[in-house]
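# Commentary on secondary and tertiary structure
The residues making up each chain are set out below.
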Amino acid sequence: MPKLSGQARARKIKLLLFDVDGVLTDGKLFFIPEKSQPSSVQEPAQQSAHGQIEVKGFHAHDGVAVSLARLGGLKTGLITKRVSETVALRARDLKLEYIRQGVEDKRASFDEVVRQAGLKPEEAAFAGDDVVDLPAMRVSGLAIAVKNARAEVKREADYVTPHAGGDGALRDAVEFILKAQGKWKRVVGDYIGVRSPKTSN
């Protein structure tokens, strides 16, 4: 039986899950030592078990992507091995439906989120960049690799984004799915508050 094309797989997608480091970011991690403040109480966001604050950079295009996904009826969420308050803050800012940090088994987490969403695996996509993402990608309905993904990951992907992680890759993924579903023009029109003249509903 011939393998379904990326576009055919994308037409079924109702949930987009993704890794963080290397997908939502460029993969670089910055650690800033906490400033010691004797006899004063630190703010919770500044506390760290290791005496350091982890800093990540996020691209505005990916933030817009989550809004476009929501308008297109797609649910979104992240699954990552690391635990970061920075990621938690960004996820809350984006209003992601599913946030899973500290995950050792991404396939098990993928399966759990899909069940919680009331969907089938073929209705969920997963975007990754490294071999730790392959178990989730292999059982997803649409396996997405970002441009900067490792070669092993790209080989197993149904779609490779034109942009690298942290540089708009998530936006590429959302656009690919919504275009395959014939929703792109309507969603963009709704987002900017302008309806295309050719769109009747």
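Note that the structure is predicted; figures quoted are calculated from it, not measured. (Residues numbered from 1 in each chain as written. Predicted model: local features only at pLDDT ≥ 70, side-chain atom pairs only at ≥ 80, totals over all residues. Heavy atoms only, no water.)

### Examining the pairing of strand S4 (residues 75-79)
Counted only if it meets this: For the exposure calls, accessible area comes from a 1.4 Å probe over protein chains only, and a residue counts as buried if that area is under 20% of its type's maximum, exposed if over 50%, partly exposed in between. Under the DSSP-based scheme used, a helix requires at least four consecutive residues in state H or I and a strand at least two consecutive residues in state E, with every element numbered from the N terminus. In this description, strands pair whenever DSSP reports at least two bridges between them. Assignment of crossover handedness uses the view with strands pointing away from the viewer, where a clockwise path from the first strand over the helix to the second indicates a right-handed crossover.
Taking burial as the measure, the five residues of S4 include four buried ones, the bulk of the element. Bridge count for strand S1 (residues 15-18) against S4 is four bridges, and the pairing is parallel. Across the sheet, residue Leu16 finds its bridge partner in S4, namely Thr76. Note that S4 and strand S5 (residues 98-100) share three bridges and pair parallel. Among the inter-strand pairings, Leu78 is bridged to a residue of S5, identified as Ile99. After leaving S4, the chain enters helix H3 (residues 85-94) and then returns to the sheet as S5, a path that is right-handed.

### Considering helix H7 (residues 169-180)
Just so we agree on the cut-off: In a helix, the anticipated span is given by 1.5 Å times the number of residues less one.
Taking 1.5 Å per residue, 12 residues should reach 16 Å; H7 reaches 17 Å between its end C-alpha atoms and fits that length. For H7, a buried count of nine out of 12 residues is recorded, marking the element as mostly surrounded by other parts of the structure. Those residues of H7 not exposed but buried are Ala169, Leu170, Asp172, Ala173, Val174, Phe176, Ile177, Leu178 and Ala180. Positive phi shows up at Gly182, right after H7, with a value of about 70°.

### Focus on the sheet that holds strand S8 (residues 159-160)
Read across the open sheet, the six strands follow the order S5-S4-S1-S6-S7-S8; overall the sheet is parallel. Edge positions in the sheet fall to S5 and S8, since each has one partner strand and no second. Sheet analysis places S1 next to strand S6 (residues 124-128), joined by four bridges and oriented parallel. Directly across from Leu15, in S6, lies its bridge partner Ala124.

Just geometry here; none of it tells us what the structure is for.
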